[in-house]
Amino acid sequence: MHGIHVPRQGIRHHRDAWLGHGIPAAEIDRASAFQARWGGLALPPAPFYEGGPHILTADRPEGSAAEGWSFPAGGCRVSMAYGFMIGPEGEFGIDAYRWTPLHASTDGWVESLALAFHAGRWAKTVTKITGNAVESLDLNGYEPIPEVQGITDTWWRGQNSLIAIYRGEAVGLDAPRCLEAHVYGGLDEWGLRGG
């Protein structure tokens, strides 16, 4: 199941212990606000990032004043070399060899998952492109989709197709071979607009 809220315990009861470990109150409050809004949201599997987090849920903030604070955004579906995090400015991203924001907000991530799920259902073809071939994609005639136009992950709308470009793993793991794009072809107006 996805697109539903699964009951989750709040994290405010950890406040005193986290304050005792030097985590600023503002960062605990930020994680608590995320938990109140998104905590327990079961997500459809991401077509990339090994499916992404299954259920959004905040956890203990980590970082410092110098490098900024972030907190986990939910457990990974499978074991992998990074975790999903909420960054210092509220960005949704992955923390691998380096912090790599995928979207400026959790809203962008959730919208991206919803569009991928919708497009995958209505497309006549879904083509995966990897590595260097992604860089040679011709995006002439395509427009960015503002709701899901991320920081490293971007979406494009054409006459009868959508293109999702996933750069996060390539950037975060410093592995250009991880660059991937999905081309959802043969979409009608319903499919192009996300319903």
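Data block above holds the structure.
Conventions adopted
- Residues numbered from 1 in each chain as written.
- Predicted model: local features only at pLDDT ≥ 70, side-chain atom pairs only at ≥ 80, totals over all residues.
- Heavy atoms only, no water.
- Helix = DSSP H or I, 4+ residues; strand = E, 2+ residues; numbered from the N terminus.
- Contact = heavy atoms within 4.5 Å.
- Pairing = 2+ DSSP bridges.
- Axes fitted to C-alpha atoms, helices over the stretch in contact; angles between N-to-C directions.
- Disulfide = S-S within 2.5 Å.
- Salt bridge = Lys/Arg side-chain N within 4 Å of Asp/Glu carboxyl O.
- Buried < 20%, exposed > 50% of the residue type's maximum accessible area, 1.4 Å probe, protein only.
- Phe/Tyr/Trp six-rings, centres within 6.5 Å; stacked < 30°, edge-to-face > 60°.

## Re the environment of Pro88
- Relative to the elements of secondary structure, Pro88 occurs in the loop between β5 (83-86) and β6 (92-95).
- A C-alpha to C-alpha distance of 5.1 Å links Pro88 and Trp69, two positions 19 residues apart in sequence.
- Ignoring sequence-local partners within four residues, the contact set of Pro88 consists of Arg30, Gly68, Trp69 and Trp99.

## Thoughts on the sheet that holds strand β4 (residues 68-74)
- Spatial ordering of the open sheet is given by β3-β4-β5-β6-β7, a layout of five strands whose pairing is antiparallel. On the outer flanks of this sheet lie β3 (62-64) and β7 (99-103), each paired with one strand and no other. Taking each pair of neighbouring strands and ignoring which way they run, the sheet shows an average axis angle of 35°.
- Direction of pairing for β4 relative to β5: antiparallel, over a ladder of three bridges. Looking at the pairing, Pro72 lines up with Met85 of β5.
- Where helix α2 (residues 25-38) meets the sheet, its contacts fall on β4 and β5, and the angle it forms with β4 comes to roughly 25°.
- Packed on one face of the sheet, helix α3 (residues 106-122) meets β5, β6 and β7 and runs near 60° to β7.

## Some thoughts on the environment of Val110
- Positionally, Val110 belongs in helix α3.
- If sequence neighbours within four positions are ignored, Val110 has contacts with Trp38, Leu41, Leu43 and Leu56.

## Quick look at the state of the cysteines
- Applying the stated criterion across every chain yields a total of zero disulfides.
- The structure places no disulfide on Cys76, whose sulfur is separated from the nearest cysteine sulfur, that of Cys178, by 15 Å.

## Considering the sheet that holds strand β12 (residues 180-185)
- With antiparallel pairing, the five strands of this open sheet are ordered in space as β8-β12-β11-β10-β9. Each edge of the open sheet is held by one strand with a lone partner, namely β8 (125-130) and β9 (143-144).
- Across five bridges, strand β11 (residues 162-166) lies against β12 in antiparallel orientation. Following the sheet pairing, Ile165 is matched in β12 by Ala181.
- In the packing of α3 onto the sheet, the strands contacted are β10 (153-157), β11 and β12, and the crossing angle to β10 comes to about 45°.

## Some words on the pattern of salt bridges
- According to the stated counting rule, one finds eight salt bridges in the structure shown.
- As a salt-bridge pair, Asp29 and Arg12 come within 3.5 Å of each other at their nearest N and O atoms. Of the two residues, Asp29 is situated in helix α2 and Arg12 in the loop between β1 (4-5) and α1 (15-20); the sequence distance between them amounts to 17 residues.
- Residue Asp29 is classed as partly exposed on the basis of its relative accessible area, which comes to 31%.
- With a shortest N-O distance of 2.9 Å, Asp107 and Arg37 are connected by a salt bridge.

## What about the packing of aromatic side chains?
- Under the definition given, this model contains 12 aromatic pairs.
- Ring geometry for Tyr49 and Trp109: centres 6.0 Å apart, planes at 55°, overall tilted. Of this pair, Tyr49 sits in the loop between β2 (41-42) and β3 while Trp109 sits in helix α3, and the two are 60 residues apart along the sequence.
- With a relative accessible area of 1%, Tyr49 lands in the buried category.
- When its relative accessible area of 2% is taken as the criterion, Trp109 is described as buried.
- Each member of the aromatic cluster is reached from another via a ring pair, and the members are Phe48, Tyr49, Tyr82, Phe84, Phe92, Trp109 and Tyr166.

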